[in-house]
Amino acid sequence: MERSPDTGIIPNIANFFDSATTLELFKRICVSRAFELRTHQVFDTGVIKAPIYLSFGQEAVAAALSLSFFEDNPDKYAQHRAHDLYLCYGGNPVALIDELLGLPTGCSGGWGGSASIQCPEINMHWHDGLMGSQVPIAVGDALRKKRLSINRRTLSITGDASAEEDYVLTSFAWASTKNLPILFICNDNDLSVLTEVRLRRNWSMTSLAEAFKMPAIEITDDPWLVMHHVKRLAHHLPALINIQICRGSSHAGTRRGNYKTPEWNRYALIQGTLNKLGLTKESEEIEKNANGEINVIWDKRLKETGNV
Amino acid sequence: MSDKKPTLAETICETTRDYLLNHQGVIFGQCLNGAGQVAGTVPALTEEQGVIELPMADVMNSGIAVGYAYGNGANRDGRAIYLVRYAGFQWFNSVFLANFASKTKEMSGRPAPILIRTSSSDGSTGPSIGPVASCSIHGLFVHNPGMKIIAPMTPGEWVSGWDAWLDHDDPLFISEYRTGYGIRDEMPDIVHDNPDITLFPISTTRLNVLKALPMLEKEGIICNVIHLVWLKPCLINQRILDPLEKSRHGGIVLDSDFENGVSKCIACDIMQHTSRKVRVMGLEERASGFAAHLDNLPPTSEKIYKYVKNIVGK
């Protein structure tokens, strides 16, 4: 399927949501984005020693998920590049900063760095560093909860590259076979490091999911559209949503190298929608506050840890 | 009386049945309820009762089982057993066992105490599978921290592993060997006052060592036999060291896996505590094939006899 900022778009989809939800959505986007942009700056000073995997540019998806798939505090299984998920679901930003700084007070006690963050309070689980391994782990946990009648759903997030792992594909199939309450999200930026999808396969995630008799859809990263489909598919789990995203950063670190220019700027598109909704003033205030709050948190923590 | 004792296979089956039916346990694996219930070690129960058939997706399968175990955490009830019915399939399965289950307690504070049963067999003397599977494969799992390994051959040894698994929250790798499934009696150590050598056999080599003993005795060679059941951790205590110190020609660790694995690790550990030399015998350093002349089996009694005789020089 062609990549586009309008893939699967429903005209005026943002109008279906009330202003409070839309402004909360934008707040979470801004907080995540501000955190990542500041992390970018801090990384370039050399204070952060471990590799980082920034999520800015794709944060609209995490924000949308956190407002549409949250009621039972679902178990969340992600891999590297999950700062956005952690923050949007309410993970403590100070603990994330500490993790990036390699401190024992970090959200993973220093074990995970940027790549393997966790937060028991929001049921966000650690990752062992192997691409896509979180998917069968998530499916196994989902099976256990179903057997024991534990009413807590599972959220599994991959990128378009790790989703190709054989054990990920068979996990989709088995979750469908066992009719497990799990939502699979594929954040598809069209790249495995720098290798495009078209060079790696001639099939799509959604066609494969449908072959496994699992509801699936491919859409763009419009957060209102994401919320709409998550809420819809939440009644038909297991399900898969392949979301076309444009990440703002390269694979790891902050140097762009040959990383391609993003095809669209979702953040700017969201701002345009907010303007159309008559929420310009409120959104500007949210953006300003998020930037200010995140910078205060970062500054304070850097000072406390002697990293100014 | 001896005939009324349960075999190792029966012990495994009944222990599993009780745990599934009374403690919300589950056992995962392929073809569990067909083809002889994996040599009679798996109770014929339904999925609702806890026997969960997995598809032929070996890499994923271990992830499913580990995910289940991780979700259950340290709870004594509700744990997951994962059965790999041929050892060679562990090449596919090892990733989630060695990299996730082994590490999770240390890295996240949440354990995944999965019981990993691996059923090994001889090549052409048993159900021959030639190059597909070596004999035992516990050496593959000794590498990573966090995994405990036991190689029981008797009912009592298997139950001791089971009890240790339930009493702790670490993953446990049980290296089984099909030659042991019919065993009913325990196998005590054999210790002499004036030995020539001490043999430390593992898994099915224990049976081969016992067969070699009369042949060696005829040559006037006195052998201690200290059965190695726990492979990791392998406690290097006086049970191991005292007989070895009295042995004029040191010892041999005998394994049903390749030598570059558990046997060399244990031999090295033992030698940290003694000046006695400890050698190893295991599968030969080569691939194995279906044909008898290409097979690669654990040291036979004849091979053990020749090797020991050569060392002792009698």
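Residues numbered from 1 in each chain as written. Chains lettered and ligands numbered in written order. Predicted model: local features only at pLDDT ≥ 70, side-chain atom pairs only at ≥ 80, totals over all residues.

**Things to note about the overall build of chain A**
Okay, step 1: On a plain count of helices and strands, chain A comes out with 10 helices and eight strands.
Okay, step 2: The C-alpha atoms of chain A give 18 Å as radius of gyration, which agrees with the globular expectation for 308 residues (19 Å, within 12%).
Okay, step 3: Over its C-alpha atoms, taken along the principal directions, chain A stretches across nearly 55 × 45 × 40 Å.
Okay, step 4: The buried share of chain A, reckoned over its 308 residues, is 52%.
Okay, step 5: Considering only intrachain contacts with a sequence separation of at least 6, the fraction spanning at least 24 residues in chain A is 74%. (Helix = DSSP H or I, 4+ residues; strand = E, 2+ residues; numbered from the N terminus. Rg over C-alpha atoms; globule rule 2.2 N^0.38 Å. Buried ≥ 20, exposed ≤ 12 C-beta atoms within 10 Å, placed from the backbone. Contact = placed C-beta atoms within 7 Å.)

**Description of the pairing of strand 7 (residues 197-201) of chain B**
All names here are of chain B.
Okay, step 1: Burial analysis of strand 7 places five of its five residues in the buried class, the great majority of the element.
Okay, step 2: Burial along strand 7 is two-sided: Ile197, Leu199 and Pro201 facing one way and Thr198 and Phe200 facing the other are all buried.
Okay, step 3: This β-α-β element, strand 7 to helix 7 (residues 205-218) to strand 8 (residues 223-225), shows right-handed connectivity.
Okay, step 4: The pairing of strand 7 with strand 10 (residues 251-258) spans four bridges and is parallel. For Phe200, the partnering residue across the bridge sits in strand 10 and is Val253. (Right-handed = clockwise from strand over helix to strand, strands pointing away. Pairing = 2+ DSSP bridges.)

**Things to note about the sheet that holds strand 1 (residues 26-29) of chain B**
In sheet architecture, strand pairing relies on hydrogen bonds along the backbone and comes in two forms, parallel and antiparallel.
Residues and elements named next belong to chain B.
Okay, step 1: The strand order across the open sheet built from seven strands is 2-1-3-4-6-5-9, with neighbouring strands paired in mixed fashion. Unpaired on one side and paired on the other, strand 2 (51-53) and strand 9 (230-232) mark the two borders of the sheet. Across this sheet, the average inter-strand angle for adjacent strands is 20°, counted without regard to direction.
Okay, step 2: Pairing of strand 5 (residues 148-150) with strand 9 involves two bridges; the strand directions are antiparallel. (Axes fitted to C-alpha atoms, helices over the stretch in contact; angles between N-to-C directions.)

**Some thoughts on the sheet that holds strand 3 (residues 154-159) of chain A**
All names here are of chain A.
Okay, step 1: Judged by pairing direction, the sheet is parallel, and its six strands sit side by side in the order 2-1-3-4-8-7 without closing on themselves. Each end of this open sheet is capped by a strand with a single partner; those strands are strand 2 (124-125) and strand 7 (216-220).
Okay, step 2: Of the strand pairs in this sheet, strand 1 (residues 75-77) and strand 2 are connected by two bridges, and their pairing is parallel. Along strand 2, the bridge assignment pairs Tyr77 with His125.

**Overview of unusual backbone geometry**
Okay, step 1: Of note, the bond from Leu237 of chain A into Pro238 of chain A is cis; its omega dihedral lies within 30 degrees of zero at 5°.
Okay, step 2: Within the secondary structure, Pro238 of chain A is located in the loop between helix 8 (223-233) and strand 8 (239-244).
Okay, step 3: Of note, the bond from Lys232 of chain B into Pro233 of chain B is cis; its omega dihedral lies within 30 degrees of zero at -5°.
Okay, step 4: Mapped onto the elements, Pro233 of chain B comes out in the loop between strand 9 and helix 8 (238-245).
Okay, step 5: Notably, Asn12 of chain A is not glycine yet its phi reads approximately 55°, a positive angle.
Okay, step 6: Among the secondary structure elements, Asn12 of chain A is positioned in the segment before helix 1 (19-45).
Okay, step 7: On the basis of neighbour count, Asn12 of chain A is assigned to the exposed category, with 11 C-beta atoms found within 10 Å.

**A closer look at the interface of chain B and chain A**
Okay, step 1: Chain B puts 20 residues into the contact, and the matching count from chain A is 20 residues.
Okay, step 2: Top element by residues in the side of chain B that touches chain A is helix 3 (residues 58-72) of chain B. It accounts for 11 residues.
Okay, step 3: Taken together, the residues of the side of chain B that touches chain A break down into 13 nonpolar, six polar and one charged. (Nonpolar A, V, L, I, M, F, W, Y, C, P; charged D, E, K, R; others polar.)

Everything listed here is a matter of geometry and, on its own, says nothing about what the molecule does.
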